[in-house]
Amino acid sequence: KDSLNTRLLRAAANALPENAELTVQSIADIPLYNYDDETSSGIPPAVTAAKDAIAAADGLLIATPEYNNSIPGVVKNAMDWMSRPAADIPRVFGGRPTALMGASPGAFGTLLSQNAWLPIMRTLGTNFWNGGRLIAPRANQLFADNGALQDEAMQQRLTKFLAEFVSYIRQQQAGT
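The structure reproduced in this document is the subject of the present report.

How each quantity is defined
- Residues numbered from 1 in each chain as written.
- Predicted model: local features only at pLDDT ≥ 70, side-chain atom pairs only at ≥ 80, totals over all residues.
- Heavy atoms only, no water.
- Buried < 20%, exposed > 50% of the residue type's maximum accessible area, 1.4 Å probe, protein only.
- Helix = DSSP H or I, 4+ residues; strand = E, 2+ residues; numbered from the N terminus.
- Pairing = 2+ DSSP bridges.
- Axes fitted to C-alpha atoms, helices over the stretch in contact; angles between N-to-C directions.
- Parallel < 35°, antiparallel > 145°, perpendicular 65-115°, else oblique.
- Contact = heavy atoms within 4.5 Å.
- Nonpolar A, V, L, I, M, F, W, Y, C, P; charged D, E, K, R; others polar.
- Core = buried A, V, L, I, M, F, W, Y, C linked by side-chain atoms within 4.5 Å.
- Expected span 1.5 Å × (residues − 1).
- Polar contact = N/O pair within 3.5 Å; in protein donor to acceptor, adjacent residues only side chain to side chain.
- 1 Å grid on protein atoms, 1.4 Å probe; cavity = no way out; pocket = protein on both sides within 12 Å on 5 of 7 lines; lining within 4 Å.
- Points joined across faces, edges and corners; volume = space filled by probe spheres on them.

1. Some words on the pairing of strand 2 (residues 97-103)
Thinking step 1. Strand 2 sits mainly inside the fold: seven of its seven residues count as buried.
Thinking step 2. Burial of the side chains of strand 2 extends over both faces: Pro97, Ala99, Met101 and Ala103 are buried on one face and Thr98, Leu100 and Gly102 on the other.
Thinking step 3. Taken together, the four bridges between strand 1 (residues 60-63) and strand 2 define a ladder with parallel strand orientation. Directly across from leucine 61, in strand 2, lies its bridge partner alanine 99.
Thinking step 4. Pairing analysis gives two bridges linking strand 2 to strand 3 (residues 127-128), with the strands arranged parallel.

Right, dumping it as structure tokens:
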């Protein structure tokens with residue numbers, strides 16, 4: 001509810017360019033993937049809702065933590081569910097402009113986690129925007145007690161990152 005990456009997403013929602021909107025989706029209700037559950041019960045409603053939200057969006061912005069120098073298992077689990085069944089991958093991810101950002105209390109931010117996402121983004125067929133990345137190191141110092149981004153330099157980097165990503169999405173929509 002109040003993780004560093006949730007705080008970063010809230011700050012991003014407030015730093016978007018004009019005529020852009022960010023809908024924040026939680027993965028909290030997505031269960032642990034189990035093939036037996038998938039075959040006996042199908043795709044859980046929380047997964048279907050997340051997939052439909054991504055499919056309806058013009059772009060996908062993933063705020064990723066970093067645990068043990070890689071993608072946290074719970075986030076990878078959500079992505080694994082959303083890639084089921086495989087026939088849905090083109091509808092949900094295919095060609096979708098996608099960007100990564102992340103906040104971490106560590107000195108290197110989420111650099112290694114973001115690098116670990118790259119082959120997944122390629123496998124899912126996203127239109128990965130490599131024009132920038134936002135890494136928020138020492139993020140526990142960037143936010144006020146109320147969760148607001150209080151670091152001016154990070155605010156400027158976030159605003160620039162989002163403006164460039166939104167511009168990329170709009171260029172893709174225009175076919176340029």
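2. Details of the packing of helix 4 (residues 73-82) against helix 6 (residues 111-124)
Thinking step 1. Between helix 4 and helix 6, whose axes approach to 12 Å, the crossing angle comes to 5 degrees. Between helix 4 and helix 6, the crossing angle belongs to the class labelled roughly parallel. Note on element contacts: helix 6 touches helix 4 through Trp117, Ile120, Met121 and Leu124, opposite Val75, Lys76 and Met79.
Thinking step 2. By residue class, the composition of the contact of helix 4 with helix 6 is six nonpolar, no polar and one charged.

3. Remarks on the nonpolar core
Thinking step 1. Within the largest apolar cluster, 26 residues are counted, with the highest numbers of intra-cluster contacts made by Met101, Leu158, Phe161 and Leu162.
Thinking step 2. Here this core gets eight residues from one element, more than from any other, and that element is helix 7 (residues 152-174).
Thinking step 3. In terms of nonpolar packing, the next biggest core, distinct from the first, is built from 20 residues, Ile30, Ile54, Met79 and Met121 among them.

4. Some details on helix 7
Thinking step 1. With 23 residues, helix 7 extends 33 Å between its outermost C-alpha atoms, agreeing within 8% with the 33 Å of an ideal straight helix rising 1.5 Å per residue.
Thinking step 2. The set of residues buried in helix 7 consists of Met154, Leu158, Phe161, Leu162, Phe165, Val166, Tyr168 and Ile169.
Thinking step 3. Packing partners of the buried residues in helix 7 comprise helix 1 (4-14), strand 1, strand 2, strand 3 and strand 4 (134-136).
Thinking step 4. For helix 7, the capping residue at the N-terminal end is aspartate 151, with a side-chain oxygen 3.3 Å from the backbone nitrogen of alanine 153.
Thinking step 5. Immediately downstream of helix 7, the backbone of glycine 175 shows phi near 80 degrees, a positive value.

5. Observations regarding the layout of surface pockets
Thinking step 1. Each pocket or cavity is described by its volume, and for the largest pocket that value is around 1300 Å³.
Thinking step 2. In terms of lining, the largest pocket is formed by 48 residues, of which the most central are Leu9, Thr23, Val24, Gln25 and Leu61.
Thinking step 3. Listed by contribution, the elements that provide at least two residues to the lining of the largest pocket are helix 1, helix 3 (45-56), strand 1, helix 4 and helix 7.
Thinking step 4. Among the elements that make up the lining of the largest pocket, the one with the highest residue count is helix 7 (six residues).
Thinking step 5. Tallied by class, the residues present in the lining of the largest pocket amount to 32 nonpolar, 10 polar and six charged.

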